[in-house]
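Report on the structure
Each chain, written out:
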Amino acid sequence: MSPFYAAGILLGRAFYNRDVVQVARDLLGCLLVRDSREGLTAGIIVEVEAYLAQGDPANHAFRGPTRKNASMFGPPGHAYVYPIHSRFCLNVVTEPEGVPSAVLIRAIEPTEGIELMRRRRKARSGSQEVADLDLARGPARVCEAFAIDRALDGWDLTSGRVSWIEGRSDAAARHNSSVVVTTRVGVTAAADLPLRFYLSDSPFVSRRA
DNA sequence: CTGAGGATAGTCT
DNA sequence: GACTATCCTCAGA
């Protein structure tokens, strides 16, 4: 297996500097970590979507660079965080600098800091208790549970500080019996492209095919 | 389970 | 000022 995948090892620039679909598939089972003043949260990535640099009108960079999508044109391994409907979504930039492709993190299975995630999600949903299965099921919920907002737009995820991603764990690999491929959620353009990937046996996936 | 409605930053006219 | 959007929640069937 590629050294990219080593469990507990920080994913470096080379991991992200590859074809966006390949990176998307390889991110399944990896560990997203967020270190904040409130504490540490982490979880296994179970669902992602790819946004292509070419021929993909659903990509925010489809019509060229703007202030909003600037991070997508930056180096691979940086975060692209953008606001939507009063919430945020986290993408990971892939392929060489100047090529605006990215992977949307759509759902995570929490493994560390679960109590902190419960507090954050509860606070954001009108003090209603949030089921553990729903803590990070959906891209905006991921950002709420992990306290990711616009301040992290452009952040270098290979720095190993504040927020980063580690290679696939053995436990996740065992669970990763198969990957399901479907069309992307919530996009109206290029709605037929098979660019959503999730772990088939994870109950933390946002929507099943 | 599905569908309607809330809600806000960025972009365009 | 109007329109769009990589969504979420909840009411109703």
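In what follows, the structure referred to is the one given above.
Residues numbered from 1 in each chain as written. Chains lettered and ligands numbered in written order. Predicted model: local features only at pLDDT ≥ 70, side-chain atom pairs only at ≥ 80, totals over all residues. Heavy atoms only, no water.

**A word on the layout of surface pockets**
The cut-off we apply is this: Lining residues are those with an atom within 4 Å of a point, where the points come from a 1 Å grid over the protein atoms alone and group into cavities, where a 1.4 Å probe fits but cannot get out, or pockets, open sets with protein on both sides within 12 Å along at least five of seven lines. Grid points are joined across faces, edges and corners, and a volume is the space filled by probe spheres set on the points. In DSSP terms, a helix is any run of H or I states spanning at least four residues, a strand is any run of E spanning at least two, and both are numbered starting from the N terminus. As a working rule, the residues Ala, Val, Leu, Ile, Met, Phe, Trp, Tyr, Cys and Pro are called nonpolar, Asp, Glu, Lys and Arg charged, and the rest polar, with Gly in that last group.
Its boundaries defined by the atoms lining it, the largest pocket holds a volume of some 530 Å³. As for the largest pocket, its lining consists of 26 residues, and the residues nearest its centre are Tyr82, Ile84, Cys89, Leu104 and Val185. If you list the elements that add at least two residues to the lining of the largest pocket, you get strand S2 (39-51), strand S3 (79-84), strand S4 (87-94), strand S5 (101-112) and helix H4 (139-145). The element that contributes the greatest number of residues to the lining of the largest pocket is H4, accounting for four residues. Of the residues assigned to the lining of the largest pocket, the class counts are 14 nonpolar, seven polar and five charged.

**Quick look at the protein's contact with DNA strand C**
Threshold: We call a residue near a given molecule or strand whenever any one of its heavy atoms falls within 4 Å of it. Pairing of N or O atoms within 3.5 Å defines a polar contact, subject to two protein rules: one partner must be a possible hydrogen donor and the other a possible acceptor, and residues neighboring in sequence count only if both atoms are side-chain atoms.
If you check the shell around DNA strand C, you find 20 residues, and the closest are Ala58, His60, Tyr82, Leu104 and Arg141. The contact atoms of DNA strand C, taken as those within 4 Å of the protein, divide so that sugar and phosphate hold 57%. Measuring from a phosphate oxygen of DNA strand C, one finds a side-chain N or O atom of Arg106 at 3.1 Å. A distance of 3.1 Å is found between a phosphate oxygen of DNA strand C and a backbone nitrogen or oxygen belonging to Ala140. Put simply, the parts of the chain that give the surface near DNA strand C at least two residues each are S3, S4, S5 and H4. A breakdown of the residues in the surface near DNA strand C according to their chemical character gives 10 nonpolar, six polar and four charged.

**Some thoughts on the protein's contact with DNA strand B**
Lining the immediate environment of DNA strand B, one finds Thr66, Lys68, Pro83, His85, Ser86 and Arg150. Each atom of DNA strand B within 4 Å of the protein was assigned to sugar, phosphate or base; sugar and phosphate come to 78%. In this structure, a phosphate oxygen belonging to DNA strand B sits 3.0 Å away from a side-chain N or O atom of Thr66. Here the surface near DNA strand B is composed, by residue class, of one nonpolar, three polar and two charged.

**Digging into the nonpolar core**
Using the following cut-off: Here, nonpolar core refers to any group of buried Ala, Val, Leu, Ile, Met, Phe, Trp, Tyr and Cys residues whose side-chain atoms link them within 4.5 Å. The classification of residues rests on relative accessible area computed with a 1.4 Å probe and restricted to protein chains. Under 20% of the type maximum is buried, over 50% is exposed, and intermediate values are partly exposed. Here, residues are in contact when the closest pair of their heavy atoms is within 4.5 Å.
Counting 45 residues, the largest nonpolar core has Leu27, Leu32, Ile105, Phe146 and Ile165 as its most contacted members. Ranked by residue count, the leading element in this core is S2, at six residues. Not counting residues within four places of it along the chain, the set of residues in contact with Ile165 comprises Ile9, Leu10, Leu11, Tyr16, Leu27, Cys30, Leu31, Leu32, Ile45, Val92 and Leu157.

**Section: the pattern of salt bridges**
Worth spelling out the cut-off: One speaks of a salt bridge when a side-chain nitrogen belonging to Lys or Arg is within 4 Å of a carboxyl oxygen belonging to Asp or Glu.
Under the defined criterion, the tally for this structure stands at 13 salt bridges. Residues Glu38 and Arg120 are paired through a salt bridge, measuring 2.8 Å at the closest nitrogen-oxygen approach. Of the two residues, Glu38 is situated in the loop between strand S1 (31-36) and S2 and Arg120 in helix H3 (residues 114-124); the sequence distance between them amounts to 82 residues. Accessibility expressed as a relative area gives 10% for Arg120, which makes it buried. For Asp134, the salt bridge goes to Arg137, with nearest N and O atoms at 3.1 Å. Residue class for Arg137 comes out partly exposed when judged on its relative accessible area of 25%. Connected through shared salt-bridge partners, Glu47, Glu49, Arg106 and Arg196 make up one network.

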